[in-house]
Amino acid sequence: EHDSLLVCSFRLVNFIKAKFAPRNKWKKLIQFILKWVTGQEIDMNVADPLYEKVYRFDENTEPFNEKCLDAVNRVFEWFEINEMYDKRYDRYNSVKEGLGPAVYADGTHKREETVRSDNTGELSFAWFMRYMMTKNKECLKVSDSLSDFLLDLQVREEGPYYGMIRNGTFAWWNVCYQDDSARSFLLPKLFEMLYTGEMKYERPVRDCLDFLIRTTGKDGLRVPCTYLISPDSTETLGKPYRMHPPREDGVIRYTLDGEVIRDIAIFPKVDGSTPSGHYNGWYLASLFLAYKVLGDEKYLETAKKGMSRIMAVYPFTSREHSETQELCRLILPSAMQYFATGSEEDKAFLYRVTKDLQRFKHESGAYLEWDTGYTARRSGTVGDECSLLSKNGDPVIDHLYSLNWLPVSFIQSYFVTKDPYFYTLWEDITRYFLKVQLRSEDKVIDGVWTRAFDINHKEVYGVPNDIGWAPWSVETGWTLGEIIIGIQQGLMAEELIEKYK
């Protein structure tokens, strides 16, 4: 023994079940330890069957339509098997958030039981698309029952918040940002009206849109998010914008960065100043689609203001996680803008955004995370939400903030342009998702797409900084719902494209 000798003891338990990554690095470490202990070179391929049990993939995407249907059905089965629905009272009431960031030593996953409006609404739309494909009215019944949850969250009391859809039952007056309203309620119901002519949700859709327009800046953009504090709460939510209950004189206030207090009426008089696909893209898409479906000019006017502002600063928009994310997010609003206006200039912008994204396309059909100039707000953050991006071109794919938006966006672009180019892009991204859908003996992860996927290692692996949505997180709405909505729309392309004439 010498003064410089360090002795330590530790246990490597269930390194396969606990999903230590990257796999090859851990296999080499275990091999080194075993050789040191036994004096023998152990062939670590003996561990491969154990890894296959934990999770594996199917690279075969043919026959394509059958594989797509199987992928969609496996997602719906995952929800049922893992009880991700609240099904009390013999009906589908709401959807739970999914799987959290933690993977424990025995391989089990942390379940997130929180119920949110966006996840519930996205699954409502997934069920509606299932109804469109199967004509099974039980699917429509499920879709409507999940929509009832959103209607229960909509403010019906007369006043400045009338029409607003709350973020969930966990905070009665919590107003999440406009993208949640767009994904959970506005786009699903507007597409439903477009596809079926059924207008039963017209009034609540108009009420929600009108509330959002009342709190939209004069540049057609909303602030990142607005929060209304519960009247019986003094809790600080730590968000950049917070609405407060009315004072005795009836004045509504909101707090900017915890310091400046203004009237709610100030919103239409100042700029929202958030030219961001992440925060405003799908809200603007809702407005464009609402103009086409409902015919109200104010929806088009507000949407054009917002998209004009984004187009003016493009490609240097306000990025949240990465440039890749922004491009993925901007394709749908660009498509809906062209659908609403028919303008050649707007059509050219849709092609520009789409072709800019192709710079980051991987041979697998996926798109690499990239951020020119590293300007994204969530890049490298610690103790909060964090981008998966460590450096441009890393082979880690983001299924929570980037690629999950593409199946819907590409197929909608095909519907409005009739250009087979976009259908090919839809097929490429769909084939990618077919190849990276998890298959496992563990039913908790069988059939899902996780947030992160390393396309080179072919495994779940990525920057683990994000405390809420790490590589192994599975978001029911943002990821699973959005992907299968887009796949189902693509499978119905021949029928749905007729609705856009």
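The rules behind each value
Residues numbered from 1 in each chain as written. Predicted model: local features only at pLDDT ≥ 70, side-chain atom pairs only at ≥ 80, totals over all residues. Heavy atoms only, no water. Salt bridge = Lys/Arg side-chain N within 4 Å of Asp/Glu carboxyl O. Helix = DSSP H or I, 4+ residues; strand = E, 2+ residues; numbered from the N terminus. Core = buried A, V, L, I, M, F, W, Y, C linked by side-chain atoms within 4.5 Å. Buried < 20%, exposed > 50% of the residue type's maximum accessible area, 1.4 Å probe, protein only. Contact = heavy atoms within 4.5 Å. Axes fitted to C-alpha atoms, helices over the stretch in contact; angles between N-to-C directions. Parallel < 35°, antiparallel > 145°, perpendicular 65-115°, else oblique. Left-handed = near helix turned anticlockwise from the far one by under 90°. Nonpolar A, V, L, I, M, F, W, Y, C, P; charged D, E, K, R; others polar. Pairing = 2+ DSSP bridges.

### Digging into the pattern of salt bridges
By the definition in use, this model includes 42 salt bridges. Here Glu-113 and Lys-96 are joined by a salt bridge, their closest N and O atoms 3.2 Å apart. With Glu-113 in strand S3 (residues 109–115) and Lys-96 in strand S2 (residues 94–103), this residue pair connects regions lying 17 residues apart in the sequence. Taken together, the shared-partner salt bridges connect Glu-97, Arg-116, Asp-118, Glu-122, Asp-179, Asp-180, Arg-183, Arg-329 and Glu-475 into one network.

### A closer look at the nonpolar core
Among the nonpolar cores identified, the biggest contains 138 residues, and Tyr-195, Phe-410 and Tyr-432 are the most heavily contacted of them. Looking at this core element by element, the count peaks at 12 residues for helix H8 (residues 277–294). Contact partners of Tyr-432, with chain neighbours within four places excluded, come to Ser-364, Gly-365, Ala-366, Ile-397, His-399, Leu-403, Phe-453 and Ile-455.

### Thoughts on the packing of helix H6 (residues 178–196) against helix H10 (residues 323–341)
Two elements in contact, H6 and H10, have axes whose closest approach is 14 Å; the angle formed by their N-to-C orientations is 40°. The angle between the axes of H6 and H10 places the two elements in the oblique class. In this structure, H6 crosses over H10, and the sense of that crossing is left-handed. Of the residues in H10, those in contact with Asp-179, Arg-183, Leu-187, Phe-191 and Leu-194 of H6 are Arg-329, Leu-332, Met-336 and Phe-339. Class assignment for the residues of the contact of H6 with H10 results in 6 nonpolar, no polar and 3 charged.

### A few points about the pairing of S2
Most of S2 sits inside the fold, with 7 of its 10 residues counted as buried. Relative to S2, strand S1 (residues 85–86) runs antiparallel, the two sharing 2 bridges. Pairing of Asp-86 across the sheet is with Ser-94, part of S2. Alignment of S2 against S3, held across 4 bridges, turns out to be antiparallel. Residue Gly-98 lies in a different strand from S3, and its bridge partner there is Glu-112.

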